[in-house]
Amino acid sequence: MFGNLRSTMMSLMIGSYASSAITFPALKLIYEAGVSFMAIMLGWSSLACLIFLNCLINWPKESIPSPEESDYKKKVTLRTLALDHKVTGDQFYTHVTTVGQRLSRKGDPQDEHLSKEDLSKPTVTSGSSPTFLQSACSPIFLFSLITMTMTQLRIIFFMASMNNMVEYLVLGPQENVPADLKLHAEYTVGLYSSVFGVMQLLCLFTCPFIGFVMDWKMKDRDEESKTVQKLTNATRAFVFTNILLIIFGVMCLISNLQLQFCTFILHTMVRGFIHSACGGLYAAVFPSGHFGTLTGLQSLLSAVFALLQEPLYRAVLGPLNGDAFWVNLGLLIFSFAGFVLPGYLLIYRRRLLKERTAKEKDPAAAQLQDSNHSNGVLETTA
């Protein structure tokens, strides 16, 4: 819906979603004020029901085409015309498109005959787009799953173990803790958890940056140049996000209480950046009709994989006696898997540039270029 600013607008939406975690410190204050937990959850559920009803009522009757789809501008123009005709919507657009295509042909009297049967028959478009199975099995989607599952596990484990980590930094590996030191640890944990919750608002202010990176230099380019530029921008976005994740993992290994404020900031940035970069990548390289399903599938698989944080958390509380150093070290090593996706995007971008150069030198290569989809899946025709 937003043309060359789609990734920027998407990052704003994801930033608002990520920063909504700031409501939990507010709920904590409401609970401490005396409101029962049951009342808070019932109110929260009521708001969720309102969101569901809003989505159900405002369900669009017709799909919204992306700017890259064929005859997008013509379709928008035709929809603005108030024409008195019994055929409306997509059927009217299909009929007018068929009429225009037939009038543009010459030398075939049969094609110039416009019958009423065309009003109900769909127009067969030239070329084909990848199926959902091809998009789901493409290297870009599979490598993005590796990046997203790893990042989700990393940031969710940090959220789960943050209180115990702060408590361990205050108390250390002591067994018999004095009462005053234990009271000081409880106060510190409450303070740091509140600061962490308030810092979630930073997602709203930092996410547009990664959206700007994804939309860099997208104006005034042809389709082939846009595809290459999209891959370039996505590579930069994922490399930058993974570098932040590595720095975040290194800071988690340092036993310094004040340094944890920096880990809070990096955590919020990575949390918003990774979703914005992944959403922008899907919007850039996959058909618009697959965007929602691929995003949902990726979210589902990432959430299932993130359940591993439970045994990791129990390992910290049990055998590791509250020290999460070895778990954080293992997750830091695992974080380097996030560079697989930008590495593949870089290789695929070079392949596209070579094909483009070969196409300019040999026009016969145009057929191969047209059959190669932007998600890296080579079309197979029966």
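Residues numbered from 1 in each chain as written. Predicted model: local features only at pLDDT ≥ 70, side-chain atom pairs only at ≥ 80, totals over all residues. Heavy atoms only, no water.

The chain has the name Solute carrier family 43 member 1 in an unreviewed UniProt entry, where Engystomops pustulosus is given as its organism.

## As for the overall build of the chain
On a plain count of helices and strands, the chain comes out with 17 helices and zero strands. Burial statistics for the chain: of 382 residues in total, 39% are counted as buried. A sequence separation of at least 24 residues applies to 74% of the contacts in the chain between residues at least 6 apart. (Helix = DSSP H or I, 4+ residues; strand = E, 2+ residues; numbered from the N terminus. Buried < 20%, exposed > 50% of the residue type's maximum accessible area, 1.4 Å probe, protein only. Contact = heavy atoms within 4.5 Å.)

## Re the UniProt feature "transmembrane region" (unreviewed entry) in the chain
If you check UniProt for "transmembrane region" (unreviewed entry), the listed places come out as residues 37-57, 140-160, 191-216, 237-258, 264-284 and 325-347 in our numbering. As annotated, residues 140-160 comprises 100% helix and 0% strand, and the C-alpha atoms at either end are separated by 30 Å. The annotated region residues 325-347 carries 83% helix and 0% strand content, and the separation between its end C-alpha atoms amounts to 35 Å. (UniProt positions renumbered as here; feature names shortened; annotations may be inferred.)

## Quick look at the side chain of Arg271
Turning to its location among the elements, Arg271 is positioned in helix H12 (residues 260-285). Glu310 is the oppositely charged side chain nearest to the buried, salt-bridge-free Arg271, at an N-O distance of 17 Å. Here the side chain of Arg271 touches Gln200 through a polar contact of 2.9 Å, side chain to side chain. Setting aside chain neighbours within four positions, we find Arg271 in contact with Ala18, Ala21, Ile155, Gln200 and Cys203. (Lys, Arg positive; Asp, Glu negative; His and termini not counted. Salt bridge = Lys/Arg side-chain N within 4 Å of Asp/Glu carboxyl O. Polar contact = N/O pair within 3.5 Å; in protein donor to acceptor, adjacent residues only side chain to side chain.)

## Observations regarding the packing of aromatic side chains
Under the definition given, this model contains 19 aromatic pairs. Between Phe261 and Phe264, the aromatic rings sit 6.1 Å apart at their centres with planes inclined by 85°, giving edge-to-face as the arrangement. A residue pair is termed a helical-turn pair when its members lie 3 or 4 positions apart in one helix, as Phe261 and Phe264 do in helix H12 at three residues. Seen in terms of ring centroids, Phe325 and Trp326 are 5.2 Å apart; in terms of plane orientation they differ by 85°. Their pairing is edge-to-face. (Phe/Tyr/Trp six-rings, centres within 6.5 Å; stacked < 30°, edge-to-face > 60°.)

## Concerning the packing of helix H2 (residues 23-32) against helix H3 (residues 37-57)
In helix packing, the relevant descriptors are the interaxial angle and the interaxial distance, both defined with respect to the helix axes. Axis separation between H2 and H3 bottoms out at 10 Å; the angle between their running directions is 145°. Crossing of H2 over H3 shows right-handed handedness. Along the contact surface, H2 presents Thr23, Phe24, Leu27, Ile30 and Tyr31, while H3 presents Phe37, Ile40 and Trp44. Classifying every residue of the contact of H2 with H3 gives seven nonpolar, one polar and no charged. (Axes fitted to C-alpha atoms, helices over the stretch in contact; angles between N-to-C directions. Left-handed = near helix turned anticlockwise from the far one by under 90°. Nonpolar A, V, L, I, M, F, W, Y, C, P; charged D, E, K, R; others polar.)

## Some points on the environment of Thr206
Relative to the helices and strands, Thr206 resides in helix H10 (residues 202-214). Setting aside residues up to four positions removed in sequence, Thr206 forms contacts with Met269 and Phe273.

## A look at the side chain of His275
Among the secondary structure elements, His275 is positioned in helix H12. At a separation of 3.5 Å, a polar atom in the side chain of His275 contacts the side chain of Gln152.

## Some details on the pattern of salt bridges
Any two side chains of opposite charge can pair, on the condition that their charged atoms come close. Counted by the stated rule, this structure contains one salt bridge. The closest approach of N and O atoms between Arg314 and Glu310, which form a salt bridge, is 2.7 Å. Here Arg314 pairs with Glu310, and both are found in helix H14 (residues 309-317), just four residues apart, close to one helical turn. Judged by its relative accessible area of 57%, Arg314 is exposed.

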